[in-house]
Amino acid sequence: MGKQTPDPDAIRPDFDLEMTAEAFEAWYWPKAELERICALLQLSKAGSKAELRAAIAHRLANPDTPAPRRRPRTRDDFNWRTADLTPDTLITSSITFGPNVRGFFKAEIGKHFSCHGDFMDWVRANSGARLRDAVAAWYMLERRKDDPGFRREIAEHNNFLQYLRDFQDAYPDRSLEDAKACWDQKKIRPAVGGKVLFDPTDVRFLPGI
């Protein structure tokens, strides 16, 4: 017998230690819940949502074997929190966007500087460039906003923002609050592989529909 398709209106059950890997994979689990499950299974809580999901599914499917070892994340020794930053400072893989780094960019760009997602993605993807290159990239990214057809790319892992965009594309006259209300209902329903996908029929979750 093949796999049964979950009832699309079923509600996500509470996790328990008897849950199968297949049952676990049928739902979206928030990061905090994944961390809680890792604690129950005596797994490391460090890592991305995808890494935690994979570790949990592996443990449920193979309860008597250890989770696969993750490749260690390499970090350099540059301290971005306290270093004296200049336009010639090299961007490294350990860059963070705390007060010291934001303060540098605000001093270079002005009070209108904002550390938005596109900019941080550019910086993280350009280790070896200098901070002056990042300043130039910030201005380039800001100029793109003048293009009426421009839309910031949503990172693949940001399921929530992608759902909101898809909802508002389908229903431009409905509010962001409506989109969030539908997300709250959709995320507790079956989402095979953990991906919550928008469907135009999701508006059924709104009062009066």
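Definitions and limits used
Residues numbered from 1 in each chain as written. Predicted model: local features only at pLDDT ≥ 70, side-chain atom pairs only at ≥ 80, totals over all residues. Heavy atoms only, no water. Helix = DSSP H or I, 4+ residues; strand = E, 2+ residues; numbered from the N terminus. Core = buried A, V, L, I, M, F, W, Y, C linked by side-chain atoms within 4.5 Å. Buried < 20%, exposed > 50% of the residue type's maximum accessible area, 1.4 Å probe, protein only. Contact = heavy atoms within 4.5 Å. Axes fitted to C-alpha atoms, helices over the stretch in contact; angles between N-to-C directions. Left-handed = near helix turned anticlockwise from the far one by under 90°. Nonpolar A, V, L, I, M, F, W, Y, C, P; charged D, E, K, R; others polar.

**Q** Explain unusual backbone geometry to me, please; I cannot follow it from the model alone.
**A** Negative phi is the rule for most residues except glycine; trans is the rule for most peptide bonds. Positioned with a positive phi, glutamine 42 is a non-glycine residue whose angle comes to about 60°. With respect to the helices, strands and loops of the structure, glutamine 42 is situated in the loop between helix H2 (31-40) and helix H3 (49-61).

**Q** Honestly, the nonpolar core in this entry has me stumped. Any pointers?
**A** One recurring pattern in soluble globular proteins: nonpolar side chains tend to sit buried together. Counting residues in hydrophobic clusters, the biggest one holds 21 residues, and the most contacted among them are Phe105 and Phe119. Only helix H4 (99-109), helix H5 (117-124) and helix H6 (131-144) provide two or more residues apiece to this core. Here this core takes 5 residues from H6, the largest share from any one element. Sequence-distant contacts of phenylalanine 105, that is, excluding residues within four places in its chain, are made with Gly110, Phe113, Phe119, Leu131, Ala134 and Val135. Judged by nonpolar contacts, the second largest core, of 17 residues, contains Phe15, Ala26, Cys38 and Leu43.

**Q** What is the right way to read the packing of H2 against H3 from this model?
**A** The description of two helices packed together rests on the angle between their axes and the distance between the axes. Relative to each other, H2 and H3 sit at 35°, their axes nearing to 10 Å. Here the hand of the crossing between H2 and H3 comes out left-handed. In this structure, H2 uses Lys31, Leu34, Glu35, Ile37 and Cys38 to contact H3, whose residues at the interface are Lys49, Leu52, Arg53 and Ile56. A class-by-class count of the residues in the contact of H2 with H3 yields 5 nonpolar, no polar and 4 charged.

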